[in-house]
Amino acid sequence: MIAATETFDGTWPFPARFTESAGFRQHYVDVGPRDGAPIVLLHGEPTWGYLWRHLIGPLSGTHRVVVPDHMGFGKSATPAGRGYLADEHIDNLTALLADELDLTGITLVMHDWGGPIGAGFALRHPDRVARLFATNTVVPLGFPGYDELMAANLAESTWFRWAMSSQETGALEQILGNAGSTVCHLMLALQTIARPEIVTPTWIRAYAEHFGGRADCEGVLRFPQQLVVPDPAAAPTPPDPQAVAALRAKPAILVEGMRDTALLPRHIIPAFRLAYPDAPVIELPHAGHFTPEDTPHELLTALELFLHST
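Sequence positions are assigned chain by chain, starting from 1 and proceeding in written order. At least 70 in pLDDT is required for a residue's local features to be given in this predicted model, at least 80 for side-chain atom pairs to be given and counted, and no such filter applies to totals for whole chains, interfaces and linings, which use all residues. Hydrogens and water molecules were not included; the side-chain quantities draw on all heavy atoms of the structure.

(A) Broad picture of the side chain of Thr94. With respect to the helices and strands, Thr94 occurs in helix H2 (residues 86–100). Pairs of residues are marked as contacts when any of their non-hydrogen atoms sit within 4.5 Å. Aside from chain neighbours lying at most four places away, what touches Thr94 is Asp99, Phe121, Arg124 and His125. A helix here means a DSSP run of H or I that spans at least four residues, while a strand means a run of E at least two residues long, and both kinds are numbered starting from the N terminus.

Shown next, in the form of structure tokens:
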């Protein structure tokens, strides 16, 4: 775990909060007015809440902003004996947002694996979710054609082709198990940071510090591994049709970094359209996979307009 008081040279000034509601020490940020409408910012692979640092301050002036670190990432613990599959992360998020904080009227802001995790939470608790804001992620709601689009992305994506090849040679566990030394390459080259000038020593330390040894890297390894070597016994159950209908009725938007080499826009935009055929899609031509890093101001503007217009 990253130390609770670590600010990374002042770039992460947000007070740390912790919960044991899911059976491990989970870190989250909770800032802004207690009676403000909640915005929940969900990170993916291989990041943590630090990804959202440029948005938290501006949003917290008017909203209650909650930013969890998934199990195995950031300032959250990496407990032994866990599967680190998507369903377990959904359980953890439910324990925090529903059981611990009892949030309703949530705007879910989802990136990368934050999409499947956030969508899983929303399908369990559609009554707690007001709207969905997706950026370079997927919102799997079980529509025909989704699996085919994801298979095509798996076959063509720079990130997943590397992951599949590395899994076959046995290198995947070695490289991701040493993520403290490899995380910069994973983000910059395989998933694409479009503005390499933002990669400073502080930035590298912020994303590398959690991964101090092999035991700290279980989360970062299991996210891609569950896709390149899926366990048939862990296949997700089809979502409840009533929950799907409830989510489809909610406002949604996709803001897509078009230089993404992990989740390719030519597959991700159609996948989003399956669930939300009439929802807006904003294309950011100069952003890669990590839109909160490459284009934080554009992302914040799109989110604020989405909040005001819905």
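(B) Structural view of unusual backbone geometry. Note that the residue after Glu45, namely Pro46, is joined by a cis bond; omega there is -5 degrees. Within the chain, Phe8 stands out as a residue other than glycine whose phi angle is a positive 50 degrees. Its place among the elements puts Phe8 in the segment before strand S1 (17–19). If you check the backbone angles, Asn136 has positive phi at about 50 degrees while not being a glycine. Any residue under 20% of the maximum accessible area for its type is buried, any over 50% is exposed, and the rest in between are partly exposed; the area is computed with a 1.4 Å probe on protein chains only. For Asn136, a relative accessible area of 0% puts it in the buried group.

(C) Focus on empty space enclosed by the protein. Detection works on a 1 Å grid of protein atoms alone, calling trapped sets that fit a 1.4 Å probe cavities and calling open sets with protein on both sides within 12 Å along at least five of seven lines pockets, with lining residues defined by an atom within 4 Å of a point. Grid points are joined across faces, edges and corners, and a volume is the space filled by probe spheres set on the points. Scanning the entire structure with this criterion turns up one cavity of 30 Å³ or more. Empty space within the largest cavity amounts to approximately 30 Å³. Lining the largest cavity are Val139, Pro140, Leu141, Gly142, Phe143, Tyr146, Ala271, Leu274 and Ala275. At three residues, the largest contribution of residues to the lining of the largest cavity is made by helix H11 (residues 265–275).

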